[in-house]
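Spelled out from the first residue to the last, the chains are:
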Amino acid sequence: MAAGYLDILRARHAARLLAGTLVGRLPNGTAPVAIVLFTRAEGGSYALAGALAAVYGLATAVGQPLLGRAVDLYGQPRVQLPSAVVSALGMALLALVGLGPLPLAYAAVAVAGVFTPPLEGGLRALWPSVLGGEERVHRAYAMDAVAQEIMFTVGPLLVTVLVSLWSPAAALLVINALGVLGALSVVLSEPSRTWRSAPREAHWLGALRSPGLLALLGSFFFVGLALGSITVAGVAYADDHGRESVYGWLMAALGLGALIGGAVYGARQWAGAPERRLRVIVGLLALGYLPLMLTPGVVAMTALAAVAGVFLAPAIACSFIVVDRHAPRGTVTEAFSWLVTTFGVGAAVGTAVAGPAVELGGTSWSFAVAGAGGVAALLVLLATGRVLAVPGRTAVSARGSENDRNGAVEPGFSSGHQA
């Protein structure tokens, strides 16, 4: 298993691109906790902290596909680095000015969110040109999904360490400075500098004119909803058991399950259409979420959380392949950015829905939201099976691959952009 991942990291530029992307995405991965800690330190309420974090999240959701389209049109360096700098300046403004005047604070987090660089989609657009072989690209997608879990675990911990050593304002400044350095490392690399998207048909819908991509986005909205609801449900469960540490155990178990699942999934070569495999994985993901409604004792609940996380990273990794097969020619970065946006919006909706569910029916109802989200994600994939079964054959998708840069496919299948 480890040998396959080491083979990926030994490829020229691969380790640098992965590390640079993860560091560059630190501001985005840590923004919710950093904003909350800063707002509370400035004397703001939890409601204000939540509102600022929500504005940042919505602004990011708006900015990602727009910046992704700009990357496809103008290349990575001309978009990724300037947007990273502007985003960091927005957070720096918040850190230096504080909460007064309040409209300026909202504007600062909005700017930081809108200009969050689409490094995640950019990396996935680069993998085929860096790694070449289909199997290696597939494994890189799985490694990417595992790395995300590590970042979202380590990132908030880094923020809390910086807060304890200095202050929440200093944490905002340091994290965003690191983010700019990460983006700089990526755009100065040869693959990023030389990458060019394939010629695209001018169309205002961009990547969204692909029915297969729309089907996938619809499904992953509900996957995000399920995951977002679990964060609130976990807090409610911890409150029921009178220990804040219980929440940490549940989230750690969920992340550990995802790490294990992603590592195992990426360690082998899979046969069969990824669209069919994605339906199976999302079905297993839904089955993993449903038992959480039982809310047993802490030990059993922690085990159930670990099982629930096992199929998350494989689902994300498989979705990358499906995105690549269905993205219209010349829109690969934008398509990946839409996946990030849809998943994030779903998570925000799940967080919003799980809160009232706790008030109405208790902790088990909030976990039921996660189960319902998983089931809804599967139903979308089942209902759109015909659309997903025809990758790249829509009238809007040109033939050929992204100059072999987004033509990654899994063993036994021709590229979705070819006849």
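This text gives an overview of the structure that appears in the document. None of these values were measured; they are calculated from a predicted model. (Residues numbered from 1 in each chain as written. Predicted model: local features only at pLDDT ≥ 70, side-chain atom pairs only at ≥ 80, totals over all residues. Heavy atoms only, no water.)

## Notes on the overall build of the protein chain
Phase 1 of the analysis: What the protein chain contains, in helices and strands, is 18 helices and 0 strands.
Phase 2 of the analysis: Buried residues in the protein chain amount to 54% of all 419 residues.
Phase 3 of the analysis: Here the contacts in the protein chain between residues at least 6 apart in sequence split such that 82% fall between residues at least 24 apart.
Phase 4 of the analysis: When the accessible surface of the protein chain is totalled, it reaches about 16,300 Å², and 70% of it is carbon and sulfur. (Helix = DSSP H or I, 4+ residues; strand = E, 2+ residues; numbered from the N terminus. Buried < 20%, exposed > 50% of the residue type's maximum accessible area, 1.4 Å probe, protein only. Contact = heavy atoms within 4.5 Å. Areas by Shrake-Rupley, 256 points an atom, 1.4 Å probe, with all protein chains shown as cover.)

## What about helix α15 (residues 312-326)?
Phase 1 of the analysis: Here α15 contains 15 residues, and its C-alpha end-to-end distance of 21 Å stays within 8% of the 21 Å for a straight helix at 1.5 Å per residue.
Phase 2 of the analysis: Taken across its 15 residues, α15 has 15 buried, putting it largely inside the fold. (Expected span 1.5 Å × (residues − 1).)

## Notes on the side chain of T342
Phase 1 of the analysis: Note that T342 resides in helix α16 (residues 332-361).
Phase 2 of the analysis: From its side chain, T342 meets the backbone oxygen of W338 in a polar contact 2.8 Å long.
Phase 3 of the analysis: Those residues within four positions of T342 in sequence are excluded, and the remaining contacts are L217, F220 and F221. (Polar contact = N/O pair within 3.5 Å; in protein donor to acceptor, adjacent residues only side chain to side chain.)

## Some words on the side chain of E120
Phase 1 of the analysis: Here E120 is to be found in helix α7 (residues 119-131).
Phase 2 of the analysis: In this structure E120 comes out as buried when scored by relative accessible area, which is 9%.
Phase 3 of the analysis: Among the polar contacts listed, one links the side chain of E120 to the side chain of R25, at a separation of 3.1 Å.

## What to know about the environment of Y247
Phase 1 of the analysis: Among the secondary structure elements, Y247 is positioned in helix α12 (residues 245-266).
Phase 2 of the analysis: Judged by relative accessible area, Y247 falls into the partly exposed class, the value being 27%.
Phase 3 of the analysis: Placed 10 residues apart in sequence, Y247 and Y237 show a C-alpha to C-alpha distance of 7.5 Å.
Phase 4 of the analysis: Once you skip the residues sitting within four places of it in the chain, Y247 turns out to touch T231, G234, V235 and A238.

## Focus on the pattern of salt bridges
Opposite charge on two side chains lets them pair, provided their charged atoms get close.
Phase 1 of the analysis: Taken as a whole and judged by the stated rule, the model has 4 salt bridges.
Phase 2 of the analysis: Measuring nitrogen to oxygen at the nearest pair gives 3.1 Å for the salt bridge that ties E120 to R25. Of the two residues, E120 is situated in helix α7 and R25 in the loop between α2 (14-24) and α3 (26-41); the sequence distance between them amounts to 95 residues. Each member of the pair E120 and R25 is classed as buried. (Salt bridge = Lys/Arg side-chain N within 4 Å of Asp/Glu carboxyl O.)

## Some thoughts on the packing of helix α11 (residues 211-240) against α12
In helix packing, the relevant descriptors are the interaxial angle and the interaxial distance, both defined with respect to the helix axes.
Phase 1 of the analysis: For the pair α11 and α12, the least separation of the axes is 8 Å and the interaxial angle reads 150 degrees. Seen along the crossing, α11 lies across α12 with a hand that is right-handed. Along its contact with α11, which presents L227, I230, T231, G234, V235, Y237 and A238, the element α12 presents V246, Y247, L250, M251 and L254.
Phase 2 of the analysis: The residue makeup of the contact of α11 with α12, split by class, is 10 nonpolar, 2 polar and no charged. (Axes fitted to C-alpha atoms, helices over the stretch in contact; angles between N-to-C directions. Left-handed = near helix turned anticlockwise from the far one by under 90°. Nonpolar A, V, L, I, M, F, W, Y, C, P; charged D, E, K, R; others polar.)

## Considerations on the nonpolar core
Phase 1 of the analysis: Counting residues in hydrophobic clusters, the biggest one holds 101 residues, and the most contacted among them are W127, L131 and Y289.
Phase 2 of the analysis: A total of 12 residues in this core trace back to one element, the largest contributor, which is α11. (Core = buried A, V, L, I, M, F, W, Y, C linked by side-chain atoms within 4.5 Å.)

## Topic: α12
Phase 1 of the analysis: Spanning 22 residues, α12 covers 32 Å between terminal C-alpha atoms, matching the ideal 32 Å at 1.5 Å per step.
Phase 2 of the analysis: By the burial criterion, the buried members of α12 are V246, L250, A253, L254, G255, G257, A258, G261, G262, A263, Y265 and G266.

## What about the packing of aromatic side chains?
Phase 1 of the analysis: Going through the model one piece at a time under the given rule, you end up with 3 aromatic pairs.
Phase 2 of the analysis: With centroids separated by 5.2 Å and ring planes inclined at 85 degrees, the aromatic side chains of F221 and F222 adopt a geometry described as edge-to-face.
Phase 3 of the analysis: The partly exposed category is assigned to F222, whose relative accessible area is 26%.
Phase 4 of the analysis: Ring centres of Y265 and W270 lie 5.2 Å apart, and the angle between their planes is 25 degrees; on these two criteria the pair is classed as stacked. (Phe/Tyr/Trp six-rings, centres within 6.5 Å; stacked < 30°, edge-to-face > 60°.)

## What to know about the packing of α7 against α16
Phase 1 of the analysis: Packing of α7 against α16 leaves a shortest axis separation of 8 Å and a crossing angle of 135 degrees. Between α7 and α16, the angle is such that the two are oblique. Where α7 crosses over α16, the two elements pack in a sense that is right-handed. Counted together, E120, G121, G122, R124 and A125 of α7 and V332, T333, F336 and V340 of α16 form the full contact between these two elements.
Phase 2 of the analysis: Along the lines of polarity and charge, the residues of the contact of α7 with α16 split into 4 nonpolar, 3 polar and 2 charged. (Parallel < 35°, antiparallel > 145°, perpendicular 65-115°, else oblique.)

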